Amino acid sequence: MCLIIDVNSIPSVFDEKASDHENFLPIKSWIYEGKGKIIYGGSTFLGELGKLERYRRLFQLLSDAGSVVVLDKSEVDRHEDEVKKSMKRDCDDPHLIAIARVSKCKVICTKDARADKHIKDKNNYTKDSCPPKIYRTKRSAQHLINDKNCVKCCQ
């Protein structure tokens, strides 16, 4: 499985002391023990990740282990600009939609419920991409962790 992990969810996935870590433990296990890969890219995501100094080293280790796919920054940035221009509503996560558009990723892990309507809006995607499913809790979304959700860029 490949997935986009919103920066707001990274501590929940990887920090065992996070109060909601249990909900995100299946993602961590899939990445560490299975075929799971994290997809990310673009200036906005890299800037947000840069603020989480503790996790930059972890992402480098995961990258070295082949568990990370970094997309072309300029391509993600271009799609993010397109998403921003086409949106009629306020959304602070067009970079997540851009990453999904570029990668064709089928799953986004985010704790930001405000982003749901934007992530799910088919109008925010190109003809060859579609809205991903949202992983938020183990109970409601553990079924998303499977090989069917692996996309071409992760193979």
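As shown above, the structure is provided for reference.
None of the values given here were measured: they were computed from a predicted structure.

Conventions we followed
Along each chain, the written sequence defines residue order, and numbers are assigned to residues from 1. Two thresholds apply to this predicted model, a pLDDT of at least 70 for residue-level local features and 80 or more for giving and counting side-chain atom pairs, whereas whole-chain, interface and lining totals are computed over all residues. Side-chain measures were taken over the full set of non-hydrogen atoms in the model, leaving aside hydrogen atoms and water. Between 30 and 60 degrees the pair is tilted, below 30 it is stacked and above 60 it is edge-to-face, where a pair is any two Phe, Tyr or Trp rings, Trp via its six-membered ring, whose centres lie within 6.5 Å. A run of H or I in DSSP counts as a helix once it spans at least four residues, and a run of E counts as a strand once it spans at least two, with each numbered from the N terminus. Between buried and exposed lies partly exposed: a residue is buried under 20% and exposed over 50% of the maximum accessible area for its type, with that area taken using a 1.4 Å probe on protein chains only.

Undergrad: Describe the packing of aromatic side chains, with residues and values.
TA: Evaluated as defined, the whole model comprises 5 aromatic pairs. Ring geometry for F14 versus F59: centroids 6.3 Å apart, planes at 75°, classification edge-to-face. Remark: F59 occurs in helix α4 (residues 53-64) and F14 occurs in helix α1 (residues 10-14); sequence separation between them is 45 residues. Of the two residues, F14 and F59, neither departs from the other in class, the shared state being buried. Ring centres of Y40 and F59 lie 5.5 Å apart, and the angle between their planes is 65°; on these two criteria the pair is classed as edge-to-face. Note that Y40 is positioned in strand β2 (residues 37-40) and F59 in helix α4, a separation of 19 residues in sequence. Accessibility expressed as a relative area gives 8% for Y40, which makes it buried. Taking relative accessible area as the criterion, F59 reaches 2% and is therefore assigned buried. Linked through ring pairs, F14, Y32, Y40, F45 and F59 together constitute an aromatic cluster.

All quantities given are derived from atomic positions and should not be read as evidence of function.
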